[in-house]
Amino acid sequence: MDEKTEAVIELGEYLASKFPTEIVEKTVALGELSVVVDAQSITKVAKFVRDDANCLFKLCADVCGADYPDREKRFDVVYNLLSLKHNLRLRLKVQTDEETPVPSVAGIWPTANWFEREVWDMYGVFFTDHPDLRRILTDYGFEGHPLRKDFPLTGYVEMRYDDEQRRVVYEPVTLTQDFRKFDFLSPWEGMTPALPGDEKATKEEGEGA
């Protein structure tokens, strides 16, 4: 076991001792620590790992989501943190469902402001006490949350510019053809029409037989 992995394991034990009820689970994989925290305790744990001398995770590099539809709490909200002082990374996770909001950490790490907006936009996870929780990647009035596993691949509507109305209009999705599945040994078979001269090759093969 290398020195960095030992430091990560020690950090996990340290956090578990400080938050025996707030931390639900902790794992070490590929030299990185992941800690699952009770959702309503995220701000308490976040402030500690930012300010404690043994942690000093001053940088929130990313906040992202993950969807597990078969779980009761289907969404993971993942906070990827970096300690420049100790050269360590920490992954905090909270779990929630479609209706239960998660406290915002934008007041602890300002970078989380837009990250949480992205999670809201893509997954529909609501954050309480967020200063400006609006969609950030999709258009105004967009229906649904695109990174949910139950969101259709084609979406619900498509957008185009209408010359007569002189504005952008939204219409139900229309596909020019059904999805196709080509089951050939070569990906090019069946997709190229017969070329002049192909019949000669067929005849020669038959004569040789």
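So, a few notes on the structure that sits alongside this text. Every value quoted in this text rests on a predicted model; they were computed, and no experiment measured them.

### Examining the overall build of the protein
Of the regular secondary structure elements, the protein holds 4 helices and 9 strands. Its helices and strands taken in sequence order, the protein reads α-β-β-α-β-β-β-β-α-β-β-β-α from the N to the C terminus. Out of the 209 residues in the protein, the part that is buried amounts to 33%. In the protein, once contacts between residues fewer than 6 apart in sequence are set aside, the share between residues at least 24 apart is 45%.

### A look at a nonpolar patch on the surface
Side chains of Tyr-156, Val-157, Met-159, Tyr-161, Val-168 and Tyr-170 sit close together on the surface and give an oily, nonpolar patch of about 610 Å² of accessible area. Of all the secondary-structure elements, those providing two or more residues to the nonpolar patch are β8 (157–162) and β9 (167–172). Per-element tally for the nonpolar patch: the top contributor is β8, with 3 residues. Following the sequence through the fold, Tyr-161 ends up in strand β8.

### Digging into the pattern of salt bridges
Opposite charge on two side chains makes pairing possible when the charged atoms of those side chains draw close. Considering all chains together, one arrives at 15 salt bridges under this definition. Where Asp-67 meets Arg-74, a salt bridge forms, and the shortest distance between an N and an O atom there is 2.7 Å. Considered together, Asp-67 and Arg-74 belong to a single accessibility category, that of buried residues. Among the salt bridges present, the one from Arg-135 reaches Asp-121, with a minimum N-O distance of 2.6 Å. Remark: Asp-121 occurs in helix α3 (residues 112–123) and Arg-135 occurs in the loop between β7 (127–128) and β8; sequence separation between them is 14 residues. Judged by its relative accessible area of 24%, Arg-135 falls in the partly exposed class. With relative accessibility at 0%, the residue Asp-121 sits in the buried group. Through salt bridges with shared partners, a single ionic network connects Asp-67, Arg-74, Glu-98, Arg-148 and Asp-150.

### Things to note about the sheet that holds strand β5 (residues 88–96)
Ordered by their spatial adjacency, 5 strands build an open sheet running β1-β2-β5-β4-β3, and the pairing between neighbours is mixed. The sheet is open, and its two borders are formed by β1 (23–29) and β3 (59–67), each paired with just one other strand. Within the sheet, the average angular offset between the axes of one strand and its neighbour, ignoring direction, is 20°. With 9 bridges connecting them, strand β4 (residues 75–83) and β5 associate as antiparallel partners. The partner of Phe-75 across the bridge, within β5, is Thr-96. Along the sheet, helix α2 (residues 42–51) makes contact with β2 (32–37), β4 and β5, crossing β5 at roughly 175°.

### Examining unusual backbone geometry
Positive phi outside glycine occurs at Leu-56, with the angle close to 55°. In this fold, Leu-56 is placed in the loop between α2 and β3. Even without a glycine there, the phi angle at Arg-166 is positive, about 55°.

Quick notes on the rules
- Residues numbered from 1 in each chain as written.
- Predicted model: local features only at pLDDT ≥ 70, side-chain atom pairs only at ≥ 80, totals over all residues.
- Heavy atoms only, no water.
- Helix = DSSP H or I, 4+ residues; strand = E, 2+ residues; numbered from the N terminus.
- Buried < 20%, exposed > 50% of the residue type's maximum accessible area, 1.4 Å probe, protein only.
- Contact = heavy atoms within 4.5 Å.
- Patch = residues over 30% accessible without salt bridge, like charges linked within 9 Å, V, L, I, M, F, W, Y side chains within 5 Å.
- Areas by Shrake-Rupley, 256 points an atom, 1.4 Å probe, with all protein chains shown as cover.
- Salt bridge = Lys/Arg side-chain N within 4 Å of Asp/Glu carboxyl O.
- Pairing = 2+ DSSP bridges.
- Axes fitted to C-alpha atoms, helices over the stretch in contact; angles between N-to-C directions.

So, to be careful, I would describe these as geometric facts and stop short of saying anything about function.
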